[in-house]
Amino acid sequence: MFEELRGMMGLGAISAPVYTIYEATHAALGPTRAFSDATRAFFENPGNPFSMTTWGKSVAAACEVFERVTRRYGKPAFDIKDVLVGGERVAVHEEVVWRRPFCNLLRFSRAIRGNRRPDPKLLIVAPMSGHYATLLRGTVEAFLPNHEVYITDWIDARLVPVSEGRFDLDDYIDYVISMLHVLGSDTHVIGVCQPSVPVMAAVSRMEAENDPYAPLTMTLMGGPIDTRLSPTKVNDVAVEKGVDWFRSNVITKVPFPNAGFMRDVYPGFLQLTGFMTMNLSRHFDAHKTLYFDLVRGDGDSAQKHREFYDEYLSVMDLTAEFYLQTVDTVFIKYALAKGEMTHRGKPVDPGAIRNTALFTIEGENDDITGHGQTHAAHGLCVNLPADKRAHYTQMNVGHYGVFNGSRFRSEIAPRISDFIRSNLAPHKPSPGGANDPIPLDSKRGKGPVRPVSV
């Protein structure tokens, strides 16, 4: 959601049949791709003497680069086979435990032997912002040793028939509440980036209704709770363009023969165009480097390129109503931060949160979610006791470093796990009365505002 907003700055209007043109172009490339694949197979065949020559390797490398540039990338697999738990490597089995038209809830079941004490249940709400939930593969892997992990696996909107109805921000919140009901009252939830707003809205509504299935803890990571603070280019373009511009310029219909034929969507290929145009020269250089790595026979470097771009170039369509409502509610009206957000006609009041502990996390160099935007959640949860709050700013990471990478694994994930284990007791009624909002940590990156021992 954030990346494509920024990418839209450089795109003009699109016409109604743009999706059809895209599909036709992809189909027209079919024969050329087939010829390229055959040529590559010929020059990579070890029985072909040309395969050992620089010329033969150059032809094969050019064919692979062409195939990768023109390929339609499907949904990647999590492909998590095993994990180290308590010094023992155990198998991991992926299963769907809840299913709706626009989302599956995945559980990563660990084959743990013996009478080990159950680990805390953790629901990771992945962004519905263009990339698939597999973008959080590293996030899942980091929590698997110490948690029973579940994740939202959002469905590509072009695969959902129109007969299944609409899907907007209210539906997103409904889905989160429904999943928390399925998992039970001893669940912990993490909203990664874009889901921070609907996750906070869901917990607010559950607490307001005294829902016994409200989660024990809520961790918000790099999320746009209040985009008026330290606005980034992403925030600026939303305010500058307005929701009508997005409706007129980036929304189109899914063409035949896709299952979602005639559904209004913000298409994945257009999102990918936005991604790529932000750093076009870098992507061009990366593919040029892949070509020379293949010619030199540097298989390790080539494989790293393949793994990165297999994930990066895999995108999904978003329903138009969800995309537009999110842009309007979060980036233009600041509805949650201003106390004006509603869900199914009822107010979303974070002040109702009295029992679900709150942990907010930001990255020092985040250029998508500005400093303070996630921390703002504390100022909204005015009735949450001080001992149920924490904030942490990770030094030397950008947006993606908040939920992936070495610093996430070594510094952020352990803090989240510790915060969760510090709040395992069942909910107890909390007295009313406002608490002072937690100030931003003046020692940025030195630890959470409310001490969390790690």
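My aim in this report is to walk through the structure given alongside it, one point at a time.

Calculation notes
- Residues numbered from 1 in each chain as written.
- Predicted model: local features only at pLDDT ≥ 70, side-chain atom pairs only at ≥ 80, totals over all residues.
- Heavy atoms only, no water.
- Pairing = 2+ DSSP bridges.
- Helix = DSSP H or I, 4+ residues; strand = E, 2+ residues; numbered from the N terminus.
- Axes fitted to C-alpha atoms, helices over the stretch in contact; angles between N-to-C directions.
- Contact = heavy atoms within 4.5 Å.
- Expected span 1.5 Å × (residues − 1).
- Buried < 20%, exposed > 50% of the residue type's maximum accessible area, 1.4 Å probe, protein only.
- Left-handed = near helix turned anticlockwise from the far one by under 90°.
- Nonpolar A, V, L, I, M, F, W, Y, C, P; charged D, E, K, R; others polar.
- Patch = residues over 30% accessible without salt bridge, like charges linked within 9 Å, V, L, I, M, F, W, Y side chains within 5 Å.
- Areas by Shrake-Rupley, 256 points an atom, 1.4 Å probe, with all protein chains shown as cover.
- Salt bridge = Lys/Arg side-chain N within 4 Å of Asp/Glu carboxyl O.
- 1 Å grid on protein atoms, 1.4 Å probe; cavity = no way out; pocket = protein on both sides within 12 Å on 5 of 7 lines; lining within 4 Å.
- Points joined across faces, edges and corners; volume = space filled by probe spheres on them.

## What about the sheet that holds strand β2 (residues 88-100)?
And step 1. Strands sit in the order β1-β2-β3-β5-β4-β6-β7-β13-β14 across an open sheet of 9 strands; the sheet is mixed. Each edge of the open sheet is held by one strand with a lone partner, namely β1 (82-85) and β14 (389-394). The average undirected angle you get between the axes of adjacent strands in this sheet is 25 degrees.
And step 2. Sitting on the sheet, helix α15 (residues 406-421) touches β4 (121-125), β6 (187-192), β7 (217-221), β13 (357-363) and β14, and the angle it makes with β14 is about 180 degrees.

## Some details on the sheet that holds strand β10 (residues 318-319)
And step 1. In space, the 3 strands of this open sheet follow the order β8-β9-β10, with antiparallel pairing throughout. Unpaired on one side and paired on the other, β8 (252-253) and β10 mark the two borders of the sheet.
And step 2. The pairing of β8 with strand β9 (residues 264-266) spans 2 bridges and is classified as antiparallel. Residue Lys-253 lies in a different strand from β9, and its bridge partner there is Asp-264.

## A look at helix α7 (residues 196-208)
And step 1. When the terminal C-alpha atoms of α7 are compared, their 18 Å separation across 13 residues agrees well with the 18 Å that a helix rising 1.5 Å per residue should span.
And step 2. With 12 of 13 residues buried, α7 lies mostly within the body of the structure.
And step 3. Every buried residue of α7 is listed here: Ser-196, Val-197, Pro-198, Val-199, Met-200, Ala-201, Ala-202, Val-203, Ser-204, Arg-205, Met-206 and Glu-207.
And step 4. Two residues or fewer past α7, Asn-210 is found with a positive phi of approximately 55 degrees.

## As for the packing of helix α11 (residues 280-296) against helix α12 (residues 299-312)
And step 1. Two numbers describe how α11 lies on α12: the axes approach to 9 Å, and their chain directions differ by 145 degrees. Remark: the crossing between α11 and α12 carries left-handed chirality. Note on element contacts: α12 touches α11 through Ser-301, Ala-302, His-305, Arg-306, Tyr-309 and Tyr-312, opposite His-283, Ala-286, His-287, Leu-290, Asp-293 and Leu-294.
And step 2. Split by residue class, the contact of α11 with α12 holds 6 nonpolar, 4 polar and 2 charged.

## Comments concerning a nonpolar patch on the surface
And step 1. On the surface, Val-162, Phe-256, Phe-261 and Met-262 cluster together to form a nonpolar patch covering roughly 420 Å² of accessible area.
And step 2. The topology assignment puts Phe-261 in the loop between β8 and β9.

## Describing unusual backbone geometry
And step 1. Phe-256 connects to Pro-257 through a cis peptide bond whose omega is 10 degrees.
And step 2. Relative to the assigned elements, Pro-257 resides in the loop between β8 and β9.
And step 3. The residue Met-262 is not glycine, and still its phi comes out positive at about 80 degrees.
And step 4. Of note, Met-262 is situated in the loop between β8 and β9.
And step 5. Here Met-262 falls in the partly exposed class, since its relative accessible area comes to 42%.

## As for empty space enclosed by the protein
And step 1. In the structure shown here, the tally under the stated rule is 2 cavities of 30 Å³ or more.
And step 2. The volume enclosed by the second largest cavity comes to roughly 40 Å³.
And step 3. As for the second largest cavity, its lining consists of Val-197, Pro-224, Ile-225, Asp-226, Thr-227, Thr-329, Val-330, Tyr-334, Ala-335 and Leu-336.
And step 4. A breakdown of the residues in the lining of the second largest cavity according to their chemical character gives 7 nonpolar, 2 polar and 1 charged.

## Considerations on the pairing of β7
And step 1. Most of β7 is tucked away: 5 of the 5 residues are buried.
And step 2. Burial along β7 is two-sided: the face carrying Thr-217, Thr-219 and Met-221 and the face carrying Met-218 and Leu-220 are both buried.
And step 3. Summarising the sheet, β6 and β7 pair through 5 bridges and their orientation is parallel. Bridging from a neighbouring strand, Val-192 pairs with Met-221 of β7.
And step 4. Taken together, the 5 bridges between β7 and β13 define a ladder with parallel strand orientation. Bridging from a neighbouring strand, Met-221 pairs with Ile-361 of β13.

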